[in-house]
Amino acid sequence: LCDRTTGQWKTSVTIDVSPYDAGTEDGDTFSTENNATDPQETVTPFTCGVVFCSGSGEVTPVAQITFTSEEPMQQEIMCTGSQMYNITVNSQWTSTNHPVGYPSNAHFSPLNAATHNIHYSLFYTANGGSTASAGLELVAETGAPTTLEEEWDANPNIYSNAHQTMPFDADTYQMVVVTANASYPYLSVATMLAPSPDWFTGISAYDLCNRTSGEWKTSMMIDLNAYDAGTEDGDTFSIVNNATDPQGTVTPIGCGDAFCTGSGQVPSVAELVITSVDAADDDDDDDSSSSASSAPLAFSILVSVVCSFFFDLH
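Now for a description of the structure that goes with this document. A quick note: this is a predicted structure, and the numbers were derived from the prediction, not measured.

1. What about the pattern of salt bridges?
This structure, assessed with the given rule, holds 1 salt bridge. With its nearest N and O atoms 2.8 Å apart, the salt bridge here joins D207 to R211.

2. A closer look at the side chain of T201
Position of T201 among the secondary structure elements: in strand β14 (residues 199-207). From its side chain, T201 meets the backbone oxygen of N225 in a polar contact 2.6 Å long. Apart from residues no more than four positions distant in its own chain, T201 is found in contact with F108, V189, A190, T191, L193, L224, N225, Y227 and V269.

3. Description of the packing of aromatic side chains
Summed over the entire model, instances satisfying the criterion amount to 14 aromatic pairs. Between Y159 and Y184, the aromatic rings sit 5.4 Å apart at their centres with planes inclined by 20°, giving stacked as the arrangement. With Y159 in strand β10 (residues 158-163) and Y184 in the loop between β12 (173-181) and β13 (186-194), this residue pair connects regions lying 25 residues apart in the sequence. One aromatic cluster in this structure is built from W93, Y102, F108, F168, W199, F237 and F259.

4. Examining the sheet that holds strand β20 (residues 270-276)
Here we have 4 strands laid out as an open sheet, ordered β12-β7-β20-β17, and antiparallel in their pairing. Of all strands in the sheet, those bounded by a partner on one side alone are β12 and β17 (219-224). With strand direction ignored, the average angle separating the axes of adjacent strands in the sheet is 20°. As paired strands, β17 and β20 are joined by 6 bridges and run antiparallel to one another. Across the sheet, S219 pairs through a bridge with T275, a residue of β20.

5. Brief notes about the pairing of β14
By the criterion of burial, β14 is predominantly enclosed, with 7 of the 9 residues buried. By the bridge criterion, 6 bridges tie β13 to β14 in an arrangement that is antiparallel. Among the inter-strand pairings, L187 is bridged to a residue of β14, identified as Y206.

6. Focus on a nonpolar patch on the surface
Taken together, the side chains of L1, W9, I15, I65 and F67 present a nonpolar region at the surface, about 550 Å² in accessible area. The class for L1 is exposed, based on a relative accessible area of 60%.

7. What about the side chain of S204?
Examined against the element boundaries, S204 turns out to sit in strand β14. For S204, a relative accessible area of 18% translates into the label buried. Of the polar contacts made by the side chain of S204, one reaches the backbone oxygen of F123; its length is 2.9 Å. Those residues in contact with S204, other than ones at most four positions away along the chain, are S121, L122, F123, L187 and S188.

The rules we used
- Residues numbered from 1 in each chain as written.
- Predicted model: local features only at pLDDT ≥ 70, side-chain atom pairs only at ≥ 80, totals over all residues.
- Heavy atoms only, no water.
- Salt bridge = Lys/Arg side-chain N within 4 Å of Asp/Glu carboxyl O.
- Helix = DSSP H or I, 4+ residues; strand = E, 2+ residues; numbered from the N terminus.
- Polar contact = N/O pair within 3.5 Å; in protein donor to acceptor, adjacent residues only side chain to side chain.
- Contact = heavy atoms within 4.5 Å.
- Phe/Tyr/Trp six-rings, centres within 6.5 Å; stacked < 30°, edge-to-face > 60°.
- Pairing = 2+ DSSP bridges.
- Axes fitted to C-alpha atoms, helices over the stretch in contact; angles between N-to-C directions.
- Buried < 20%, exposed > 50% of the residue type's maximum accessible area, 1.4 Å probe, protein only.
- Patch = residues over 30% accessible without salt bridge, like charges linked within 9 Å, V, L, I, M, F, W, Y side chains within 5 Å.
- Areas by Shrake-Rupley, 256 points an atom, 1.4 Å probe, with all protein chains shown as cover.

If you want it as structure tokens, here you go:
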């Protein structure tokens, strides 16, 4: 496919192709029932005779193959250095958007977020879906983040992780701060939809690097779906349910007995807003990196506590 005269890739090539005898079966007519050729012979071009054509010489072409070039794939560019992000989940779970069975105490569990490399996946739904880890199971069933936090702290594929300590109501939002770098550019997020058997929302392995420009993405808004963790039975907003045995896989939740009527997937239950803050330079010392990341996180926790206190009073 290379033009050896110009050194350029050919853009359009059409080739006539002839029939061949594979040398593996006897027979000289169009039949599928034949004895094996023993010993096996070599591949040879067909010649005119009993089939295709009379006379002598090779059979004329039976097909054409056309090769047409496409635009070359652009090579992915890696991001460099580190980048800090504010990770905010804004609720879209309302009685208007999701009227079926909407609970009076609808809320989200404390927000969990982590950056990681390509070798980690919080969950996936393709190819039958993944099995929830013990940490994700507890988030989906109870909202408790401790086990997931322990899994992330012990996993070398995780770079940065953050967790809130308070749940947040279904008409508010919650934020954490995480840092990505060139080797750990992916983001995963999870929070429980409560009360529920084992339902949660989040995202898994979202790439924070723009592979075309090699720059860190600066502002993203992503609609989040509702998922069933596959660990408890139940199709209504109840926290008392039997364990799913054997454990199922993570799947998107469809309309039916909860959220919405009809068919299809549940409308988005939250919006994920990812916003970059001042880039963290890999050359910065540990103390400056620590102070840069702790201030936004401390502020977000304070906001969460104040908001929680306010909504408790009301």
